[in-house]
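# Chains, contacts and geometry: an overview
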2 protein chains.
Amino acid sequence: MRGDPVTREPRYRQIAEELRHAITEHAYGPGGKLPSEGALAERYEVSRGTIRQALMLLRHDGLVTSRRGTRRVVLDDAPVQEFAQMQSFARWARSIGETPEGRVIRQGWHSADPDERRQLRIDADARVLRVVRLRLLSGRPAMLERTAYPEALGAIVETLPADTVSVTEFLEQAGVFVADAEHTIDLARADPQDAALLGCAVEDPLLRERRRSTDPAGVPLEWSEDRYLPGSVAFVVHNSLASTPMTRQHMVPVVRDSG
Amino acid sequence: MRGDPVTREPRYRQIAEELRHAITEHAYGPGGKLPSEGALAERYEVSRGTIRQALMLLRHDGLVTSRRGTRRVVLDDAPVQEFAQMQSFARWARSIGETPEGRVIRQGWHSADPDERRQLRIDADARVLRVVRLRLLSGRPAMLERTAYPEALGAIVETLPADTVSVTEFLEQAGVFVADAEHTIDLARADPQDAALLGCAVEDPLLRERRRSTDPAGVPLEWSEDRYLPGSVAFVVHNSLASTPMTRQHMVPVVRDSG
DNA sequence: CAGTGGTCTAGACCACGGG
DNA sequence: CCGTGGTCTAGACCACTGC
């Protein structure tokens, strides 16, 4: 009943959270130096290894540097968000003080096309549930989302009300968790459906995010193409020598069907 | 025979590299299971901790999952690149088999504007070197880059020939290394200069990447705005419960404030 | 030179998954 | 239940920075 979770938060995450707060409260920098690992280990009464785990989190988020020989330096109060917020439009919207809405525009079962088969790693004869959803921020259309779900997941999603605000949160209650996602960001032109629903003109430019999400076991959960009205959102990525989660991808001109 | 260079590659990185190769050669998956940490520790004759460091690298790159209770599962042969390739247009171009070119369009010293002062963390009276560079892929204009360098770095960049292919590689030879970068990706409209140099029309949509790079000590090195012709490039980002390097950023509609 | 973070070891206990 | 990865400890030595 109480907030006592089944599995308590690991010590190194608690420490990372405290340090993150200290940093965003400008206790050190920017440009300031963190205490040494040894000093932190003493302060928190843990081993140096635990401190290093905590600092690793901050480093991957781009909050601090680290190099041999000198103390860690505060880089910036970076705009860090939880994975859960990146993964859920509704959570993100709430975190910035907007009211998220969602409306299913169309929904139906289809046999998977080659792209869907590759992304969802399913057989040629498998079916997918395709859902088109309009996403709104405080009443204004912000994004149009076209998602394909594999059979098992589609059977759940299919039952949701058309105005479900957060599919992600519903799926979590059903025991479905997203653990990994790969995003491809580029530009697209509004097709007639985009234009009608987002309230722009056909051929207007949109920011496009294609996303493939998988569960903790590595099983693909969804393959989605989201189109954002320009001016409503930007994507921020941090990378470093320590981790390079972002890559450029070359696009060769492709021939598309006339639709 | 220990003829190793000054600093040898750490064991965990060697192991990660071997495993990465095995994965991309489809020795396990996709969907396959990796050997347990204990088995790998025995095979490579290292402690379990070292194996875990290696696996952590693969996990952050989105190559494998990891959860308690089961062996790691191969996710995909992900489009992983080195940080160095993400950071350098020329290196990236070569890696995809294209010939990179660069041309300085304009270059000059200015007093830093508020944006540059904040991004480069410099004083109000400091000067910056502003450089406008056109980047080409195999002869075709692909991107226009507007960069601001702080005084010390500008003094070096200023001396480069106008057709320098890789500024990054030159700076490395001068002992300047990029260790961290933050990227903001959204959409922009071509201004007259963009249009003239990229060969598009004014107001045409462009994919915009703003970037702030820092050195290993956390000192800002450059603040840049790159505008890509659509269709030439996409950005790919991997994130997970383990690390969330990407965030959405809300862009507030420009509202005229009435004093 | 002293202090720092990077690497590595050899243990330990626990939480979780799946048979 | 057993095997797995997640957390944590208490050391050790080394490479590097900066005085």
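Parameters at a glance
- Residues numbered from 1 in each chain as written.
- Chains lettered and ligands numbered in written order.
- Predicted model: local features only at pLDDT ≥ 70, side-chain atom pairs only at ≥ 80, totals over all residues.
- Heavy atoms only, no water.
- Domains from an automatic or database assignment.
- 1 Å grid on protein atoms, 1.4 Å probe; cavity = no way out; pocket = protein on both sides within 12 Å on 5 of 7 lines; lining within 4 Å.
- Points joined across faces, edges and corners; volume = space filled by probe spheres on them.
- Helix = DSSP H or I, 4+ residues; strand = E, 2+ residues; numbered from the N terminus.
- Nonpolar A, V, L, I, M, F, W, Y, C, P; charged D, E, K, R; others polar.
- Salt bridge = Lys/Arg side-chain N within 4 Å of Asp/Glu carboxyl O.
- Buried < 20%, exposed > 50% of the residue type's maximum accessible area, 1.4 Å probe, protein only.
- Least-squares fit on C-alpha atoms with pLDDT ≥ 70 in both.
- Contact = heavy atoms within 4.5 Å.
- Pairing = 2+ DSSP bridges.
- Axes fitted to C-alpha atoms, helices over the stretch in contact; angles between N-to-C directions.
- Phe/Tyr/Trp six-rings, centres within 6.5 Å; stacked < 30°, edge-to-face > 60°.
- Lys NZ or Arg CZ within 6 Å of the ring centre and 35° of its normal.
- Expected span 1.5 Å × (residues − 1).

## Examining the domain arrangement of chain A
Per the domain assignment, the segments of chain A are domain 1 (1-79) and domain 2 (83-228). Summarising the inter-unit geometry, the C-alpha centres of domain 1 of chain A and domain 2 of chain A are found 34 Å apart.

## Describing empty space enclosed by the protein
All names here are of chain A. Throughout the structure, instances matching the rule amount to 8 cavities of 30 Å³ or more. By volume, the largest cavity is sized at about 220 Å³. What lines the largest cavity is a set of 20 residues, and nearest its centre among them are Q87, T168, L171, R211 and E222. Top contributing element to the lining of the largest cavity by residue count: helix 8 (residues 167-173), with 4 residues. Taken together, the residues of the lining of the largest cavity sort by class into 9 nonpolar, 3 polar and 8 charged.

## Observations concerning the pattern of salt bridges
Residues and elements named next belong to chain A. Within this structure, the stated rule accounts for 49 salt bridges over all chains. Here R20 makes a salt bridge to D61, at a shortest N to O gap of 3.0 Å. With R20 in helix 1 (residues 11-24) and D61 in the loop between helix 3 (48-60) and helix 4 (83-87), this pair connects stretches of sequence that are 41 residues apart. Of the residues examined, D61 reaches a relative accessible area of 13% and is grouped as buried. Through salt bridges with shared partners, a single ionic network connects R146, D186, D191, D194, R208, R210, E225 and R227.

## Looking at the relation of the copies chain B and chain A
Once chain B is rotated about the relating axis by 180° and shifted along it by 0.1 Å, it coincides with chain A to within an RMSD of 0.3 Å. Within this description, the copies of the chain are treated as partners about a two-fold rotation axis. A share of 98% of interface residues in chain B that are also interface residues in chain A marks the association as one of identical surfaces.

## Digging into the sheet that holds strand 4 (residues 180-189) of chain B
Ordered by their spatial adjacency, 8 strands build an open sheet running 1(B)-2(B)-3(B)-6(B)-5(B)-4(B)-7(A)-8(B), and the pairing between neighbours is antiparallel. Two strands bound the open sheet, and with one partner strand each, they are strand 1 (100-111) and strand 8 (246-250) of chain B. Adjacent strand axes in the sheet meet at a mean angle of 20° when their direction is disregarded. One ladder, built from 11 bridges, connects strand 1 of chain B with strand 2 (residues 127-137) of chain B; its direction is antiparallel. Paired with G108(B) across the two strands is R130(B), which belongs to strand 2 of chain B.

## Remarks on the environment of R13(B)
Within the secondary structure layout, R13(B) lies in helix 1 (residues 11-24). Distance from R13(B) to M251(B), taken between C-alpha atoms, is 40 Å for residues 238 residues apart in sequence.

## Let's talk about the packing of aromatic side chains
Residue and element names in this part refer to chain A. For the coordinates displayed, the defined rule picks out 4 aromatic pairs over all chains. With a centroid separation of 5.8 Å and an interplanar angle of 55°, the aromatic rings of F89 and W92 are classed as tilted. Linking F89 with W92, this pair stays in helix 5 (residues 89-95), spanning 3 residues, or about one helical turn. Geometry around W109 places R127 over its ring, the cationic atom sitting 4.5 Å from the centre.

## With respect to helix 3 (residues 48-60) of chain B
Across its 13 residues, helix 3 of chain B extends 18 Å between first and last C-alpha, which sits within 8% of the 18 Å expected from 1.5 Å per residue. Residues of helix 3 of chain B that are buried include every one of T50(B), I51(B), A54(B), L55(B), L57(B), L58(B) and H60(B), and no others. Elements in contact with the buried residues of helix 3 of chain B: helix 3 of chain A together with helix 1, helix 2 (37-44) and strand 7 (233-240) of chain B. Looking one or two residues past helix 3 of chain B, G62(B) carries a phi angle of roughly 80°, positive in sign.

## Thoughts on the sheet that holds strand 7 of chain B
One open sheet holds the 8 strands; their spatial order is 1(A)-2(A)-3(A)-6(A)-5(A)-4(A)-7(B)-8(A), and the pairing between them is antiparallel. The strands lining the two open edges of the sheet, one partner per strand, are strand 1 (100-111) and strand 8 (246-250) of chain A. Taking the axes of each pair of neighbouring strands and ignoring which way they run, one obtains an average angle of 20° across the sheet. Bridge count for strand 4 (residues 180-189) of chain A against strand 5 (residues 205-214) of chain A is 10 bridges, and the pairing is antiparallel. Within strand 5 of chain A, the position partnered with A188(A) by the bridge is L206(A).

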